[in-house]
Amino acid sequence: MAKNTSSSAFRKIDVDQYNEDNFKEDEADAISATVGPDENEITTLLTQGKDNALNTTLRVLLSIKSSQMDQAVEALEQNDLLDVLMKYIYRGFEIPSEGSSGHLLQWHEKHLLKVVLVALYGCFRIRIVHKLYYR
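In this text the structure is predicted, and so the values were computed from the model without any measurement.

Procedures and definitions
- Residues numbered from 1 in each chain as written.
- Predicted model: local features only at pLDDT ≥ 70, side-chain atom pairs only at ≥ 80, totals over all residues.
- Heavy atoms only, no water.
- Helix = DSSP H or I, 4+ residues; strand = E, 2+ residues; numbered from the N terminus.
- Buried < 20%, exposed > 50% of the residue type's maximum accessible area, 1.4 Å probe, protein only.
- Contact = heavy atoms within 4.5 Å.
- Areas by Shrake-Rupley, 256 points an atom, 1.4 Å probe, with all protein chains shown as cover.
- Expected span 1.5 Å × (residues − 1).
- Salt bridge = Lys/Arg side-chain N within 4 Å of Asp/Glu carboxyl O.

1. What to know about the overall build of the chain
So, step 1. A count of helical and extended segments in the chain gives five helices and zero strands.
So, step 2. Moving toward the C terminus, one meets the helices and strands of the chain in the order α-α-α-α-α.
So, step 3. Out of the 135 residues belonging to the chain, those deemed buried represent 16%.
So, step 4. Sequence separation of 24 or more characterises 72% of the internal contacts of the chain that already satisfy a separation of 6 or more.
So, step 5. Total accessible area on the chain stands at roughly 11700 Å², and carbon and sulfur atoms take up 56% of it.

2. A closer look at helix H2 (residues 39-63)
So, step 1. Over its 25 residues, H2 extends 36 Å from the first C-alpha to the last, a length consistent with the 36 Å expected when each residue adds 1.5 Å.
So, step 2. Residues Leu-54, Leu-58 and Leu-61 constitute the buried set of H2.

3. Some points on the pattern of salt bridges
So, step 1. The final tally for this structure, using the stated rule, is three salt bridges.
So, step 2. A salt bridge links Glu-74 to Lys-114, with the shortest nitrogen-to-oxygen separation between them at 3.6 Å. Of this pair, Glu-74 sits in helix H3 (residues 66-75) while Lys-114 is found in helix H5 (residues 100-133), placing the two residues 40 residues apart along the sequence.
So, step 3. Judged by its relative accessible area of 48%, Glu-74 falls in the partly exposed class.

Laid out in structure tokens, this is it:
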């Protein structure tokens, strides 16, 4: 037979505390939401990192002698690296220092020569292949 269930002694967990009306966020969630850097701090740190990379790269570019530039540019075989070099050359023009503009112009000349030669080589190679196979 059925036992009397009017007694609430069998309830060990208060399920009413999980009702949507009684729900409260945990204190740990509220505390963790306020811990950590805010958006301004993140922007400042990212800007400092970019500035440090620019300053270091410009220092390296300006320390390489004109006679060594050809070797340095030839070592950059990937087009992506040539693009990055050009980006830093133009960024260096934005913040000129004494004697840097002339040196960066030499870098620009060497870079442009390499890019044009790579492009011409590709065009001639395509034309030769086209002539050989499509006569």
